Structures are given as structure tokens and as C-alpha cells.
Amino acid sequence: MKITVQDLKEIPEFIHVPDHQLNWLLKKSKIESFKQGEYVFKKGDIIDKLSIILEGTLEIKFEQNGNYKVIDQITKNGIAGLLPFSRMSSAMGYGEVIEHANVLFLDKSFFREMVADHYELTESLVHNMTSRVREFTKNNVQSEKMMALGKLSAGLAHELNNPASAMLRSAKALKKHLSNVPEKFKKITSIKISEEEVDILNNILFDKINNRPENNMKLTERNEKEDELEEWLEDHGVDNAFELTETLLDFCMDINAIEEIHEAIGEQNFPNAIEWIENVLTTEKMVDDIEEASDRISSLVQSIKSYTHMDRAPEKVATDIHVGIKSTLTMLNHKLKKKNIAIEKDFENNMPKPKIFVSEMNQVWTNLIDNAIDAMEHSGTLQITTQKDNEYAKIEISDDGQGIPEEHLNKIFDPFFTTKSIGEGTGMGLEVVQRIIKQHNGNIKVASKKGKTTFTVCIPLN
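Residues numbered from 1 in each chain as written. Predicted model: local features only at pLDDT ≥ 70, side-chain atom pairs only at ≥ 80, totals over all residues. Heavy atoms only, no water.

(A) Here's a closer look at helix α8 (residues 241-250). Burial analysis of α8 places 7 of its 10 residues in the buried class, the great majority of the element. Those residues of α8 that sit buried are Ala241, Leu244, Thr245, Thr247, Leu248, Leu249 and Asp250. At the exit of α8 stands Cys252, carrying a positive phi of roughly 55°. (Buried < 20%, exposed > 50% of the residue type's maximum accessible area, 1.4 Å probe, protein only. Helix = DSSP H or I, 4+ residues; strand = E, 2+ residues; numbered from the N terminus.)

Take a look at the structure:
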């Protein structure tokens, strides 16, 4: 294929490059042809040439978990490969030809001469490199956010599903339970007791409902009490005693409380009265379950709102950092439970409120806590400590995982560096964390050994 200086002038980056410099580029370069399905480069290949696509289309793709993901396309007049001052050494993905291509290559051995003698050409290529890095960084930051959003969404879906399912179960059970009320009402209306006796019954019943005590009995103790209560009820004429004991004990109505009712209304009225009491308590219990599930959903929604800070303008505000950390733990609760990870919190009381961008700092907590969870195998302990350290709010997030290899410690905040498997991380998480903390004039440090990794974040209070 014959190519001229005028052909190169059609490349947007070369419009203002002098002809003699483009002529030098043509003389020092060589052109190769590639058929559809061939690769210009593969993952791991040494990248030591500038590439310009003169004709055809190149598809750039990465391998993720055995699948290929297309991240870019380079068409006619597109610039790729190694550029002046670039530190790229090897290909991270694949460049597959999807339409017959002619590619111009300039070996890096000519870069020194180009930089020394051809300023405009060098400038245009460096400008292309910075634009490429900026676009790549933007895409990867977006990818990191989407990955984090996916994790949070999965956890939230699970967390919301539990109380929603509980509400549905309780509502169905309540509907079924209420359908039996007319039959039980007939029994209660057959009771002939005085107003004073009714008052005693009401006082005992609604005292248990309004001041429901905590039921902290161990399983063995509860089983013993259920057996004792069932036997006592049967001895006092209650036919279906087994069905009543669970609900009665849920409200801590043991034999002593039941004896008080028996004594107040007498042997004859007792069986129907105790069934009615159990019926009222069952209804109360189901309503409580629905209310508790609703509260959990409301709490989760509030945590989401707090986490995203969606109801506030994007400006620095004096904020209790504990709120963001707690909201983040709520978001990641599913992942913590799945790995059976314990949480130890040591939060300083009355911590001064630093001025922060709330949503951005929540990204910091998410990345650090999520990484700590990933670092631990099944079971472990996540420790979060906060304290005032002179003019700083100091936050330490520690895990007892395998630790970070010493040779990686000075690289973990570099863009695109990741120790995770392909498809599990973009290498932008900790770089974003460091950038956000610097935006707040703070700093972040890491100390790691096997069994103990601690990230320390310091945010100025003033």
C-alpha cells in the first residue's frame, strides 16, 4: 500500500504537523496488512511500536472470567500502540482485526530522534496519549462505580427480600388467623363473668401487650417451660394446649401469670378465656412482625438515602463520619453475613464533625470495607476505629486476612494496579480513594502483615 504525506494529513492529530516531519515518519515506518480474524497484538505481547490504522477496523477487548469484553474500536486514522513518554510495556488485552486492515508501525528505537528533531509530531502524539489516558481512566472509574453499585444492589436486594417476604408471610397468616375469629368469638361470648373479672382479665392481657418483656430464654429452658405450661393447661381443661403454649410464652405468660387468670375467672370459664387471650396475642404478634419488617425496609431505605446523600447539594458539609460508615456497613451487610464476618466498632463519642463531600467519602468507606471483606476467607473480624488525633479525624479499618505482599504495598494506590482476578476489579478503587482523600486535604496509609491489614485515613477537622 502506497501512502503519502497528504494521506497522513487526514489524521486529525497531524493536521498542523509540518510536512517534512510527516515525511520523516513515513520513511522510518513500515506498513503491514492484516486479514479479518488476525490479531495485531495479544495479551502479554511486548508493545514497542507506534501503530496507526490506515485502513480497516481493530477491536480492543479484555478477557474476563473466560469471556471477551470489547472495550474499544480503532478505525481508519486511529492511533494506537506505544507513544512517546508512555510507560506501556506489554498488552493487557487483544487487538483483533474485524475488517481487513493496513497498519503503519514506527519502532520505539526512533522515538529519541523524533523527540529531539520533530517537536510538532511529538506534541501531537503526546496529546493523543493524554487524551487516551483521560478517556481510559474515565471509563474505568465508571466501571469501578458500576461494579460497586452491582455489589451493593445484590446485597440490598437480599436484605430487602427478607423483610418483604416476612411481611407477606405474616399478612397471609394474619388473614387466615382472622378467618377463625368468629368461631372463637362465639366461645368468648358464652362466658359469664362480672365486670370486675373482665377488668382483671383485660389488665393482665394488655399489660403483657403494652409492656411486652424481652424473652431471653435459652432453647432448653424454653422447651422445659413449654412442656410444663402445656401439662398445666391440660390439667385445667384446655383441649388444644399444645397450640397455645408458644404464643403465650412469647409474651412471657408463664404458669404464674396463667394461674392469676384462672383464679380470677374460675375453672368453668378458663378454657374459653385462655383461648381468646392466645388469639389476641397471636394477632398482636403478627402485627408486630409486619411492623418490624416494615421498619427494617424503612431503615434500609434511610441508609440508602444517607449513603448516597441524594437529598443534599454536592458541597462540603459538617458531617458525623460515623453515619456514613454505619450506612456503608448496612449496604454491605449481606456480604458480611455471607462470609460470617464479625464487626468490632470502637467509635469515639462526641467526635467533631469534619466538613466533607458526603457521597465521595462514602465511596471511600465502601472501597476500604469491601476490600477488607474480600481479603478475608470464610469468617474473620472487621475492626473499625475512630478517634480525634490532634486536628484530624482518624479512621482505621482493619481485617485479619492474608495481608498484602510487601512488594505490592508501594503500588496499591497506582491507577489500574489490582491484585484481584480479571473481572473482579479494575484497579481504580484505591486510586479513587486516595484522590478523594487528597481532595479533602487528608491522607491515607496502609500497614500490612499476614493476619492484619490496616488502612488509616486522616481527615482534617478544620
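Next comes the rest of the description.
(B) Spotlight on the packing of helix α7 (residues 219-235) against α8. Direction vectors running N to C along α7 and α8 enclose 130°, while the axes themselves pass 9 Å from each other. Between α7 and α8, the angle falls in the class oblique. Viewed along their axes, α7 and α8 form a crossing whose handedness is right-handed. Each of Arg222, Lys225, Glu226, Leu229, Glu230, Leu233 and Glu234 in α7 lies in contact with α8, whose residues at this interface are Ala241, Phe242, Thr245, Glu246, Leu248, Leu249 and Asp250. (Axes fitted to C-alpha atoms, helices over the stretch in contact; angles between N-to-C directions. Parallel < 35°, antiparallel > 145°, perpendicular 65-115°, else oblique. Left-handed = near helix turned anticlockwise from the far one by under 90°. Contact = heavy atoms within 4.5 Å.)

(C) Here's a closer look at the pairing of strand β13 (residues 452-460). Counting buried positions over the 9 residues of β13 gives 8, a clear majority of the element. Here strand β11 (residues 392-399) runs beside β13; their pairing, made up of 8 bridges, is antiparallel. If you follow Tyr392 over to β13, its bridge partner there is Pro460. Pairing of strand β12 (residues 443-449) with β13, which is carried by 7 bridges, proceeds in the antiparallel orientation. Bridging from a neighbouring strand, Ala447 pairs with Thr454 of β13. (Pairing = 2+ DSSP bridges.)

(D) How the structure looks around the packing of helix α10 (residues 321-331) against helix α12 (residues 358-375). Between α10 and α12, the least distance of the axes is 9 Å, while the angle of their chain directions is 45°. Taken as axis vectors, α10 and α12 run oblique relative to one another. In the packing of α10 onto α12, the handedness of the crossing is right-handed. Where α10 abuts α12, its residues Ile321, Gly324, Ile325, Thr328 and Leu329 lie against Asn362, Trp365, Thr366 and Ile369.

(E) Spatial organisation of the confidence of the model for the protein chain. For the protein chain, the mean per-residue pLDDT works out to 81, and 82% of the residues sit at or above 70. The least confident element of the protein chain is helix α5 (residues 181-189), whose mean pLDDT is 61; the most confident is β11, at 95. Predicted confidence is poor over residues 421-428, with pLDDT under 50, and the contacts of this stretch with residues over four places away or in other chains come to 29 contacts. (pLDDT = per-residue confidence, 0-100.)

(F) The pattern of salt bridges, seen in detail. In the structure shown here, the tally under the stated rule is 10 salt bridges. Between Lys30 and Glu32 there is a salt bridge, and its shortest N-O distance comes to 3.7 Å. A relative accessible area of 29% places Glu32 in the partly exposed class. Overlapping salt bridges, with partners in common, bring together Glu246, Asp250 and Lys285 in one network. (Salt bridge = Lys/Arg side-chain N within 4 Å of Asp/Glu carboxyl O.)

(G) Spatial organisation of the environment of Glu197. When you line up the elements, Glu197 lands in helix α6 (residues 195-210). By relative accessible area, which is 23% here, Glu197 ends up partly exposed. Considered as a pair, Glu197 and Ile261 are 64 residues apart in the sequence and their alpha carbons are 9.1 Å apart.

(H) Unusual backbone geometry, seen in detail. Look at Asn350: it is not a glycine, yet its phi comes out positive at around 55°. For Asn350, the position within the fold is in the loop between β8 (341-346) and β9 (355-356). Residue class for Asn350 comes out exposed when judged on its relative accessible area of 78%. Positioned with a positive phi, Asn390 is a non-glycine residue whose angle comes to about 60°. Secondary-structure assignment places Asn390 in the loop between β10 (380-389) and β11. On the accessibility criterion, Asn390 (59% relative accessible area) is exposed.

(I) Just the sheet that holds β8, in detail. Spatial strand order, β8-β10-β11-β13-β12: 5 strands in an open sheet with mixed pairing. Each edge of the open sheet carries a strand with a single partner, namely β8 and β12. Ignoring which end each strand starts from, the neighbouring axes of this sheet average 15° apart. Here β10 runs beside β11; their pairing, made up of 8 bridges, is antiparallel.

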